[in-house]
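Chains, contacts and geometry: an overview
The residues making up each chain are set out below.
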Amino acid sequence: MAFGLTAYPVSYRAHFQDKSWNEEYLEKAPITGAEEARLSAEEREAIYRERNSYPDMPLTSYTTQYGLAVFEGLKALPQKDGGLAIFRPDCNARRFCNSMRGIYMPAFPEDMFVKAVLETVRRNQKMGHTLAYDPLWGKDHFLSAASLYIRPYAYSEGGIGVNISREPWVIIQCSPVTAYFSPGLDGAVVSERIRATPNGTGALKV
């Protein structure tokens, strides 16, 4: 599977309250990558469920009830020197900010977005949760290459009526993924439908 929620232990969370963003880095089941690799499949799944749980955030919210949410997706690509290169985080930051503003959420600052993405990846990498470059990837033009997927998203405060979010959270999680497209899969879907209608939300990632 290209995308599986193999959640890394360090995530980022910011909450907008009193006209400012309060930031924190959360460590859940903080074992090293080597220790995690030695666990059974059942034990790893239990850890991933724990890392994907935020029990202090509301289940009933404008996000779960009305889909009032913003999300992005970007990748950190393994390099030959052992590092990771993140592809255009500033562009994701700009769109994330514009998308939040577009649905009347307090906009998450672009510089905070980039800094939080880099730091979340760095903290996970320090714990041994990272990906190594494989020279064999070059033989199929990187179609089989793996990467670190970074998922930032905005989640609203609790609420059950139709409303806008005034105190959202921003969460950033990391998970390794394989290639999005399988080798040989070259089909295309063509539609006459227009996604970005005038004055619509097609330009927003919501």
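This text gives an overview of the structure that appears in the document. (Residues numbered from 1 in each chain as written. Predicted model: local features only at pLDDT ≥ 70, side-chain atom pairs only at ≥ 80, totals over all residues. Heavy atoms only, no water.)

Attention now moves to the overall build of the protein chain. In terms of helices and strands, the protein chain carries 5 helices and 7 strands. The linear arrangement of helices and strands in the protein chain, starting from the amino end, is β-β-α-α-α-β-β-β-α-α-β-β. Projected onto its principal axes, the C-alpha coordinates of the protein chain cover approximately 50 × 45 × 30 Å. In the protein chain, which comprises 206 residues, the share counted as buried stands at 40%. Look at the contacts in the protein chain between residues 6 or more apart in sequence, and 71% of them connect residues 24 or more apart. Side chains of the protein chain carry 23 positive and 23 negative charges; the gap between the two charge centres is 4 Å. (Helix = DSSP H or I, 4+ residues; strand = E, 2+ residues; numbered from the N terminus. Buried < 20%, exposed > 50% of the residue type's maximum accessible area, 1.4 Å probe, protein only. Contact = heavy atoms within 4.5 Å. Lys, Arg positive; Asp, Glu negative; His and termini not counted. Charge placed at Lys NZ, Arg CZ, Asp CG, Glu CD.)

The pairing of strand β1 (residues 10-17) with strand β2 (residues 20-27) spans 8 bridges and is classified as antiparallel. Counted as the bridge partner of Phe16 is Trp21 from β2. (Pairing = 2+ DSSP bridges.)

Moving on, we get to empty space enclosed by the protein. Over the atoms a probe the size of a water molecule is rolled, and this reveals where empty space is left. All chains considered together, the criterion is met by 1 cavity of 30 Å³ or more. The computed volume of the largest cavity comes to approximately 40 Å³. Ala7, Tyr8, Pro9, Val10, Ser11, Lys28, Arg51, Tyr54, Gln173 and Cys174 are the residues that line the largest cavity. Of all elements in the fold, only β1 and β7 (169-177) reach the threshold of two or more residues within the lining of the largest cavity. Partitioned by chemical class, the residues of the lining of the largest cavity number 6 nonpolar, 2 polar and 2 charged. (1 Å grid on protein atoms, 1.4 Å probe; cavity = no way out; pocket = protein on both sides within 12 Å on 5 of 7 lines; lining within 4 Å. Points joined across faces, edges and corners; volume = space filled by probe spheres on them. Nonpolar A, V, L, I, M, F, W, Y, C, P; charged D, E, K, R; others polar.)

Glancing now at unusual backbone geometry. Not every positive phi belongs to a glycine, and Ala29 is a case in point at roughly 45°. Along the chain, Ala29 falls in the loop between β2 and α1 (33-37). Judged by its relative accessible area of 14%, Ala29 falls in the buried class. Within the chain, Phe142 stands out as a residue other than glycine whose phi angle is a positive 70°. Secondary-structure assignment places Phe142 in the loop between α5 (110-126) and β6 (147-155).

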